[in-house]
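Survey of secondary and tertiary structure
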Amino acid sequence: CGEQGASAIASMLAVRSDDHQHHRLSSLDLSYQQFERAKRLDVGLLASCLTGNTTLKELTLSFNKLNDADVELLAMGLRENYSLTKLDLRANNIRDNGAIAIAEHLLPHSALRQLYLFGNPFRNEGSVSLLKAIQNNFTMEVLNMDYNGTLYDSIQFYTYLNQAGRRILHANNFNLSLWPLVLERAKSISERSHKI
């Protein structure tokens, strides 16, 4: 996907679904686009078109050597996107600053349920930011990243709670008796995932 291809895709993303019925792009896989060292996938162009897009549900940008600057642009583009439910950024070059930019995006985001970051070289600072973000995010159900001990386990704990329905406990009129049910369901989800 060169400059012309990225521009064409960006123009499709910029078109609102109510403007043109035939532009309903819901899944976009741009993995493995870094074929030549000199050419880079123009993430900024794509990211700017994500703001306000209402049709795209899944975006895959894995194996593209994306760096922190690319991810910061992407996070800014997603700031006002409420339709994307899956973002795959596996095997790029995302370090702590990139992970922090993504974490800052997770707080207000209401739709993102799956985030794949496995194979990126961010360390403790990035993981701590992701943990803080997911503690306040009730929709994230999958946060796939490299294992790094306690932080990884804590992040997975919150994803299991979210899968078990933690968001209903933060409604205005929730019943405290639901907590044991959510915790039991989260335990069951955790045990199933460890068997896989």
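Notes on the structure follow.

All right, on to helix α3 (residues 68-78) then. Taken together, the buried positions of α3 are occupied by Asp68, Asp70, Val71, Leu74, Ala75, Gly77 and Leu78. Buried-residue contacts for α3 involve α2 (43-50), β2 (58-60), β3 (86-88) and α4 (96-106). Between the side-chain oxygen of the N-cap and the backbone nitrogen of alanine 69 there are 3.1 Å, and the N-cap of α3 in question is asparagine 67.

Right, let's talk about unusual backbone geometry for a bit. Negative phi values dominate among residues other than glycine, just as trans dominates among peptide bonds. For phenylalanine 63, which is not glycine, the phi dihedral falls at a positive 60°. Mapped onto the fold, phenylalanine 63 is located in the loop between β2 and α3. The exposure class assigned to phenylalanine 63 is partly exposed, which follows from its relative accessible area of 31%. One non-glycine residue with positive phi stands out, namely lysine 65, at about 60°. Relative to the helices and strands, lysine 65 resides in the loop between β2 and α3.

So, about the packing of α2 against α3. Packing of α2 against α3 brings their axes to within 7 Å, and their N-to-C directions diverge by 15°. Compared by their axis directions, α2 and α3 come out roughly parallel. Seen along the crossing, α2 lies across α3 with a hand that is right-handed. Packed against α2, whose contacting residues are Val43, Gly44, Ala47 and Leu50, the element α3 presents Asp70, Leu73, Leu74, Gly77 and Leu78 at the interface. For the contact of α2 with α3, the per-class residue count stands at 6 nonpolar, 2 polar and 1 charged.

What counts, and at which threshold
Residues numbered from 1 in each chain as written. Predicted model: local features only at pLDDT ≥ 70, side-chain atom pairs only at ≥ 80, totals over all residues. Heavy atoms only, no water. Buried < 20%, exposed > 50% of the residue type's maximum accessible area, 1.4 Å probe, protein only. Helix = DSSP H or I, 4+ residues; strand = E, 2+ residues; numbered from the N terminus. Contact = heavy atoms within 4.5 Å. Polar contact = N/O pair within 3.5 Å; in protein donor to acceptor, adjacent residues only side chain to side chain. Axes fitted to C-alpha atoms, helices over the stretch in contact; angles between N-to-C directions. Parallel < 35°, antiparallel > 145°, perpendicular 65-115°, else oblique. Left-handed = near helix turned anticlockwise from the far one by under 90°. Nonpolar A, V, L, I, M, F, W, Y, C, P; charged D, E, K, R; others polar.

Purely geometric numbers; function is a separate question.
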